[in-house]
Amino acid sequence: MKIHPGGASSAKGDDMVSLYLRCKSAAERNISVYAEFSLSLVRNDGEVDCTMSCPCNAFKRKRKGWPNFILRSRILDRGSQLLNYDSYGGTLTVLVKVQLFEDQRIESFVPKNNMNVRLLSMLDAANDSTKLSDSDLANSSDVSFLVDGDIIQAHSLIIKMAAPSLAYFIGDVVDPDAPIPITGVRRHIFWIVLRYAYGDEIPDQIWTSKSADNSPCEDMKNEWSSLLALSPALELLDAANRFGVVGLKLLAESKVVQTEICIESASNLILYADAKDCALLKEKAMDFFVAHAEAIRGTPSFQKIEESAHVMVELMDALLSKRMLRSFALGENDIDYGSMGVNLLRTKLEEKGLDVDGSRETLIKRMEKWDNEKSNKIFEST
């Protein structure tokens, strides 16, 4: 607070007392601080006298206040009781009240883009057996799938955009009116994949449900069926990878690495991750192997690891090197991709608008290619 006993330069005469308030931090940091405030003089009997109030204002470099707050002659008048003469020279008490506001910019109402909700409504309407939904939406599907004995209606354009590998099945259709058979996946898992492809929706309980109802359908039995039956998260990971729904694949993969890696499953998970290009799962399962190698080598499933020469070499390298992959960048120009963990590699790829799916080796090559192309562009422009 600043007081001018003889009045500021803008005051109406020398007999005015000017009072101002200034936000020091706003001035020093060149930011705006929003506040409303009042200044009052307090008499000797404790009563408030002569109050001036300022509505909400943005404090920046300039001070706020009143050049003509009060006449100096009134302050000096003993009858006003504004000066306390018990102190040396007299004391003037000013009461300051300040209310700070985080931000006073008024945001206009802008509705959210709920296209995902509309797309999900279109999928639900197309599969509404009661046919009570909006007729335009109910009749909008142009492709159908036969999954685990049930027919599911869908829309080829959305499938091509959100599940490109599933779209390959549509391209092979001979009879456009016949449902396309999809084998190797349970109906409710396929339905969840579709709903994620349409609107990024997935039920939270799918990650916590256990394998009580996880008996595979008849056409699902393959080399991985016993592993996938461990949890719906593994089933979703497999289905999302198969149908090209990358976001769901990475989400399911993150859930699997949190809950499914153990002594008994580690070997199979390493082999599965290697076969399906699940880079994060392979990294975490191999880290688990390094920490529990002796116990894992005693499990029956480790025999399959010994039959895979390149996986065995990778495991031995990891075991001997005691590798520690980074989860953090070493500055903006960090290009030591070999020491980066998969999460960090994917983060860097996404920042550059590149594909985040694939094996660890593929992710590294993708980053190196981007760096080389950038260097070539800089060289050509000089």
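Predicted model, so just to flag it, every value in this text is computed and none were measured.

Overview of the state of the cysteines
- Overall, the coordinates contain zero disulfides when judged by the stated rule.
- Just so you know, C50 is unpaired, no disulfide at all, and the nearest cysteine sulfur is the one on C54, 15 Å from it.
- C262 takes part in no disulfide bond, and the closest cysteine sulfur, belonging to C278, lies 17 Å away.

Here we look at the side chain of D334
- The residue D334 is located in the loop between α15 (309–321) and α16 (342–351) in this model.
- Looking at D334, its side chain comes within polar contact range of the side chain of R326, at 2.8 Å.
- When near neighbours in sequence (up to four residues on either side) are disregarded, D334 contacts R326, F328, A329, M340 and K348.

Here's the deal with the sheet that holds strand β4 (residues 48–59)
- With respect to topology, four strands assemble into an open sheet ordered β4-β3-β7-β6, the strand pairing being antiparallel. Across the chains shown, the open sheet's two edge strands, defined by having one partner strand only, are β4 and β6 (83–84).
- Across nine bridges, strand β3 (residues 33–42) lies against β4 in antiparallel orientation. Looking at β4, one finds that V42 is bridged to V48.

With respect to the nonpolar core
- One finds F145, L166, I182, F190, L194, L236 and L281 to be the most contacted residues of the largest nonpolar core, which totals 63 residues.
- In terms of residue count, helix α7 (residues 187–199) provides more of this core than any other element does, nine residues in total.
- Among the nonpolar cores identified, the runner-up in size contains 19 residues, and V33, A35, L39 and I70 belong to it.

Section: the pattern of salt bridges
- Following the criterion strictly, the structure yields 14 salt bridges and no others.
- Close ionic contact of R74 with D49 constitutes a salt bridge, the shortest N to O distance being 3.0 Å. Here R74, found in helix α2 (residues 72–76), pairs with D49, found in strand β4; they are 25 residues apart in sequence, far enough to count as distant.
- For D49, a relative accessible area of 13% gives the class buried.
- Of the charged contacts, one joins K249 and D357 as a salt bridge, the two residues approaching to 2.8 Å between their closest N and O atoms. Note that K249 is positioned in helix α10 (residues 246–259) and D357 in the loop between α16 and α17 (360–381), a separation of 108 residues in sequence.

So, how was this worked out
- Numbers given to residues run from 1 along each chain, matching the order in which its sequence is written.
- Whole-chain, interface and lining totals are the exception, using all residues; otherwise, since this is a predicted model, local features are given only for residues with pLDDT of at least 70 and side-chain atom pairs are given and counted only at 80 or more.
- To obtain the side-chain values, all non-hydrogen atoms of the structure were included, while hydrogens and water were left out.
- Cysteine sulfur atoms that pair up within 2.5 Å are treated as a disulfide.
- In this description a helix means any DSSP run of H or I spanning at least four residues, a strand means any run of E spanning at least two, and both kinds are numbered starting from the N terminus.
- A 3.5 Å cut-off defines polar contacts: any pair of N or O atoms within that distance qualifies, except that in protein one atom must be a possible hydrogen donor and the other a possible acceptor, and neighbouring residues in sequence count only when both atoms are side-chain atoms.
- By definition in these notes, contact holds between two residues if any of their heavy atoms fall within 4.5 Å.
- Should DSSP find at least two bridges between two strands, the strands are regarded as paired.
- Throughout this description, the term nonpolar core refers to a set of buried Ala, Val, Leu, Ile, Met, Phe, Trp, Tyr and Cys residues connected via side-chain atoms within 4.5 Å.
- Accessible area is worked out with a 1.4 Å probe on protein chains only. A residue is then buried under 20% of its type maximum, exposed over 50%, and partly exposed in between.
- Throughout this description, the term salt bridge denotes a Lys or Arg side-chain nitrogen within 4 Å of a carboxyl oxygen of Asp or Glu.

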